[in-house]
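Listed here are the chains, written in short residue letters.
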Amino acid sequence: MAIDPEELGHSKSDLAQALREIRVQAGLAGDRLARRCGMTQSKISKIETGRTIPSLVDVELILRALEVPAELAQRILDLARVANTEWQDVRALRRKGLEKKQAELAALDQSSTEIRYFLLSMLNTLLATPEYIRASLAHVPGDTSKAIAKKLERQTVIYDDSKTFTFLLTEQAVRWAMIPHRAMVMQIDRLISVSRLPNVHLGVIPLGKYIPESPLNTFTVYDNSLATVETETGIVILRDRRDIQVYRDAFAMYEGHALFGEQACERMADWSSLFLGGL
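Here's what I pulled together on the structure shown here. (Residues numbered from 1 in each chain as written. Predicted model: local features only at pLDDT ≥ 70, side-chain atom pairs only at ≥ 80, totals over all residues. Heavy atoms only, no water.)

## Section: the overall build of the chain
Test applied: Secondary structure elements are taken from DSSP: a helix is a run of H or I of four residues or more, a strand is a run of E of two residues or more, and numbering for both begins at the N terminus. Residue contacts are defined here by distance: any two heavy atoms, one from each residue, within 4.5 Å place the two residues in contact. Using a 1.4 Å probe, the Shrake-Rupley method yields the accessible areas, and only the shown protein chains count as cover for residues.
On a plain count of helices and strands, the chain comes out with 13 helices and 7 strands. C-alpha atoms of the chain, sized along the principal axes, occupy 75 × 40 × 35 Å. A separation threshold of at least 6 residues defines the contact pool for the chain, and within that pool the share at least 24 residues apart is 75%. Carbon and sulfur atoms form 52% of the exposed surface of the chain, whose accessible area is close to 14500 Å².

As structure tokens, this is what we get:
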């Protein structure tokens, strides 16, 4: 199913209205529907008023309880999938202040226990040196000092042993020279250091290795509950369990082609020496 970003703002209210109308047409009171679904009446009320976005499982339970015909049920499930998808436009994020996005990401870091990062073309905040972070925001107009401070503050989460972080970095992500060569040497030193933390699994995927599938975007998977996909113009946030599983499966496939441990450290040291040779 194709998802139009312009539809996302309307899908939540449309889904709430559709579920409410189906229940009313079935002649079933909210409390009776709640009992059939194993939910509270309060939850049904919040779903039907749009205050809560139901998961695909919630919607499936409601549709089965109401004995909705298959064709209509599929249309409602498609609507639920759109409602569980969010689009964050990069220009809107900049207008609101990038530090607010960093606060949102910090909350996700704190609420998750197993986070997977696939980094296609550059490093992310948790792995970056201060110089790399400043360079990554150099093209953004206006004062970025608050965003930089929030990014640096977020890095402390990587030392939380109650969480597991898995990073998959392509060779391009490691070697793309966002900063001068001497600073890139320090950046790769940080990658090697972080890779040795007990709760961090850092893998690198060298160029030239035969991989039958090609990644299109950087993405992150938080536990089994949420996935984010980065594009040039914004971020797609996915909450549909089927979409999340697609990215978990893709991550597992790329993970099988990555080098870890001392092999990864040795390869990164080789790449660092190339920057040393350019000094």
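## Things to note about helix H4 (residues 56–65)
Put simply, the test is: Burial classes: relative accessible area under 20% of the type maximum marks a residue as buried, over 50% as exposed, and values in between as partly exposed (1.4 Å probe, protein chains only).
Those residues of H4 that sit buried are Leu 56, Asp 58, Val 59, Ile 62, Leu 63 and Ala 65. Just downstream of H4, Glu 67 is the residue with a positive phi angle, here 50°.

## So, the sheet that holds strand E6 (residues 226–230)
Formally: Two strands pair if DSSP finds at least two bridges between them. Axis lines are fitted through C-alpha atoms, for helices just across the contact stretch, and the angle between N-to-C directions can take any value from 0 to 180 degrees.
The strand order across the open sheet built from 7 strands is E1-E7-E6-E5-E2-E3-E4, with neighbouring strands paired in mixed fashion. A single partner strand is all that each edge strand has here, and the edge strands are strand E1 (85–89) and strand E4 (200–205). Going from strand to strand, the sheet's axes swing by 10° on average, the running direction of each strand aside. As judged from the 4 bridges shared by E6 and strand E7 (residues 234–238), these two strands associate in the antiparallel manner. Paired with Thr 228 across the bridge in E7 is Ile 237.

## Focus on the packing of helix H11 (residues 181–195) against helix H13 (residues 261–277)
Note the cut-off: An angle below 35 degrees is treated as roughly parallel, one above 145 as roughly antiparallel, one from 65 to 115 as roughly perpendicular, and anything else as oblique.
It is at 8 Å that the axes of H11 and H13 come closest, and there the two elements cross at 170°. If you check the angle between H11 and H13, you find them roughly antiparallel. In contact with His 181, Met 184, Val 185, Ile 188, Leu 191, Ile 192 and Ser 195 of H11, H13 contributes Cys 265, Met 268, Ala 269, Trp 271, Ser 272, Phe 275 and Leu 276.

## Concerning the pairing of E6
Two faces make up the sheet, and in a regular strand the side chains alternate between them. Counting buried residues in E6 gives 4 out of 5 residues, a clear majority hidden from the surface. Relative to E6, strand E5 (residues 219–222) runs antiparallel, the two sharing 4 bridges. Among the inter-strand pairings, Val 221 is bridged to a residue of E6, identified as Ala 227. Turn length for the E5-E6 hairpin, with the two strands adjacent in sequence and antiparallel, is 3 residues, and the turn residue Asp 223 shows positive phi of about 50°. Adjacent in sequence and paired antiparallel, E6 and E7 are bridged by 3 residues.

## So, the nonpolar core
We count it as follows: We define a nonpolar core as any set of buried Ala, Val, Leu, Ile, Met, Phe, Trp, Tyr and Cys residues linked to one another through side-chain atoms lying within 4.5 Å.
Formed by 46 residues in total, the largest nonpolar core has its most connected members in Phe 165, Phe 167, Leu 169 and Val 204. At 7 residues, the largest contribution of residues to this core is made by H11. In contact with Phe 167, other than residues within four places in its own chain, are Tyr 117, Leu 119, Asn 124, Leu 126, Leu 127, Ile 158, Val 200, His 201, Leu 202 and Gly 203. With 23 residues, the next largest nonpolar core counts Leu 15, Ala 18, Ala 34 and Val 59 among its residues.

## So, unusual backbone geometry
The phi dihedral of Glu 67 falls on the positive side, at around 50°, and the residue is not glycine. Here Glu 67 lies in the loop between H4 and helix H5 (70–83). For Asp 223, which is not a glycine, the phi torsion comes out positive at approximately 50°. Along the polypeptide, Asp 223 turns up in the loop between E5 and E6. By relative accessible area, Asp 223 is classed as buried at 18%.

## Quick notes on the packing of aromatic side chains
Stated formally: Two rings from Phe, Tyr or Trp (for Trp, the six-membered ring) form a pair when their centres sit within 6.5 Å of each other. Planes less than 30 degrees apart are called stacked, planes more than 60 degrees apart edge-to-face, and all others tilted.
All chains considered together, the criterion is met by 6 aromatic pairs. Centroid distance Phe 118 to Phe 219: 5.2 Å. Interplanar angle 15°. Geometry classified as stacked. Highlighted residues: Phe 118 in strand E2 (residues 114–119) and Phe 219 in strand E5, separated in sequence by 101 residues. Overall, Phe 219 belongs to the buried group, its relative accessible area being 3%.

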